[in-house]
Amino acid sequence: MRCSDGNYYVVKFVNNPQGRRILANELLAARLAQRLGLPVADPAIVEVSQELIDLTSDLVMELARSRVPCRAGRCFGSRYPIHPRSQVFENMLPSSLQARVLNEDTFLGMLIFDLWTCNTDGRQVIFLRRPAEAGYTAMMIDQGFCFNGVEWNFPDSPLRGLYCHKSVYDCVRGMDQFEPWLNLLDRKIDGQTILRAAKDIPTDWYESDHESLARLVQMLDRRRSRVRELLRSARQSNTSPFANWPRELTRFA
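**A few points about the sheet that holds strand β6 (residues 88-90)**
Part 1 of the reasoning: Read from one edge to the other, the open sheet built from 3 strands follows the order β6-β7-β8, with strand pairing classed as antiparallel. A strand with exactly one partner marks an edge of an open sheet, and here the two such strands are β6 and β8 (137-141). Here the average twist between neighbouring strands, direction ignored, is 30°.
Part 2 of the reasoning: Judged from the 3 bridges that link them, β6 and strand β7 (residues 124-128) form a sheet pairing that is antiparallel. For Phe-89, the partnering residue across the bridge sits in β7 and is Phe-127.
Part 3 of the reasoning: Across the sheet, helix α3 (residues 106-117) touches β7 and β8, and the angle it forms with β8 is around 10°.

**Looking at the side chain of Arg-224**
Part 1 of the reasoning: For Arg-224, the location among the structural elements is in the loop between α6 (210-223) and α7 (227-236).
Part 2 of the reasoning: Arg-224 gets classed as buried once you look at its relative accessible area, which sits at 17%.
Part 3 of the reasoning: A polar side-chain atom of Arg-224 sits 2.8 Å from the main-chain carbonyl oxygen of Ile-189.
Part 4 of the reasoning: Setting aside chain neighbours within four positions, we find Arg-224 in contact with Trp-116, Leu-185, Asp-186, Ile-189 and Asp-190.

**Remarks on the packing of helix α5 (residues 191-198) against α6**
Part 1 of the reasoning: Viewed as axis vectors pointing N to C, α5 and α6 meet at an angle of 145°, and their least axial separation amounts to 9 Å. Note on packing geometry: the crossing formed by α5 with α6 is right-handed. Between α5 and α6, the residues in contact are Gly-191, Ile-194, Leu-195 and Ala-198 and Leu-213, Val-217, Leu-220 and Asp-221, respectively.
Part 2 of the reasoning: Broken down by class, the residue content of the contact of α5 with α6 amounts to 6 nonpolar, 1 polar and 1 charged.

**Examining the side chain of Thr-117**
Part 1 of the reasoning: Relative to the elements of secondary structure, Thr-117 occurs in helix α3.
Part 2 of the reasoning: Relative accessible area serves as the criterion here: at 0%, Thr-117 is assigned to the buried category.
Part 3 of the reasoning: When residues no more than four places from it in sequence are discounted, the contact partners of Thr-117 are Cys-146, Phe-147, Asn-148, Phe-154 and Leu-220.

**Description of α3**
Part 1 of the reasoning: Here α3 is 12 residues long and its end C-alpha atoms lie 16 Å apart, about the 16 Å a rise of 1.5 Å per residue gives.
Part 2 of the reasoning: With 12 of 12 residues buried, α3 lies mostly within the body of the structure.
Part 3 of the reasoning: What α3 keeps buried is the set Thr-106, Phe-107, Leu-108, Gly-109, Met-110, Leu-111, Ile-112, Phe-113, Asp-114, Leu-115, Trp-116 and Thr-117.
Part 4 of the reasoning: Count one or two residues on from α3 and you reach Cys-118, which has phi positive near 55°.

**Some remarks on the pattern of salt bridges**
Part 1 of the reasoning: A complete count under the given rule lists 16 salt bridges for this structure.
Part 2 of the reasoning: The salt bridge involving Asp-200 is made with Arg-31; its shortest N-O contact spans 2.6 Å. Linking Asp-200 in the loop between α5 and α6 with Arg-31 in helix α1 (residues 21-35), this pair joins segments that are 169 residues apart in sequence.
Part 3 of the reasoning: Residues Arg-228 and Asp-186 are paired through a salt bridge, measuring 3.5 Å at the closest nitrogen-oxygen approach. In this pair, Arg-228 is assigned in helix α7 and Asp-186 in helix α4 (residues 179-188), connecting sequence segments 42 residues apart.
Part 4 of the reasoning: Since its relative accessible area comes to 25%, Arg-228 is described here as partly exposed.
Part 5 of the reasoning: Given the relative accessible area of 38%, Asp-186 is considered partly exposed.
Part 6 of the reasoning: Look at the salt bridges and you will find they share partners, linking Asp-156, Arg-223, Arg-226 and Glu-229 into a network.

Rules used throughout
Residues numbered from 1 in each chain as written. Predicted model: local features only at pLDDT ≥ 70, side-chain atom pairs only at ≥ 80, totals over all residues. Heavy atoms only, no water. Pairing = 2+ DSSP bridges. Helix = DSSP H or I, 4+ residues; strand = E, 2+ residues; numbered from the N terminus. Axes fitted to C-alpha atoms, helices over the stretch in contact; angles between N-to-C directions. Contact = heavy atoms within 4.5 Å. Buried < 20%, exposed > 50% of the residue type's maximum accessible area, 1.4 Å probe, protein only. Polar contact = N/O pair within 3.5 Å; in protein donor to acceptor, adjacent residues only side chain to side chain. Left-handed = near helix turned anticlockwise from the far one by under 90°. Nonpolar A, V, L, I, M, F, W, Y, C, P; charged D, E, K, R; others polar. Expected span 1.5 Å × (residues − 1). Salt bridge = Lys/Arg side-chain N within 4 Å of Asp/Glu carboxyl O.

This is a description of form; function is not addressed.
Next comes the structure, spelled out in structure tokens:
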């Protein structure tokens, strides 16, 4: 959707079939990821009028057995990073272009982020090429299932948060290479940072359950100290892309 600021946004509505808390997750997670310098789209609260919905036949959700109009009001918007008509690759690049990813190192940071926030969906990525750039930039999208979606709990699993095309981890030879991102998590995030990021989330996105939101903020703050442990668990899994690392290079305390 093109919004009043002249930019285009991918918009999620409060009556989406995944649940309204998905919008709160998207906004909170995007703000926290930006705090860590991760490549996510700029988040926004987008007001969609009933008149626009009534006059736009495409503003419906196609469900299994019905078509449901989108609900007017405050929606989540993810700013489109380039013009929508530009070429964008979803989830993977053609093999001939894989060597031209400019920020492949951010997949390590995003794994740290997804372990911390317990993203129970597969890591979603788009690859885009901006004018005057020789290569492609990976942008991490769809943070709706951080915090286990609408559940707002943290059922950890060793391989949670991995990108499906595991070649992006081939350059890693030990846990030390995650330390810059772990240090950023320690330095850039604390309880007050998380609270500020959650402060103006529209209350209808979480049913005005302020107690649950406060508990989520507290759990996120406490979980920062567990990310190294979660990363070690991923390292020890037999199906992990890290399973073949030489053990002498794994110096995590």
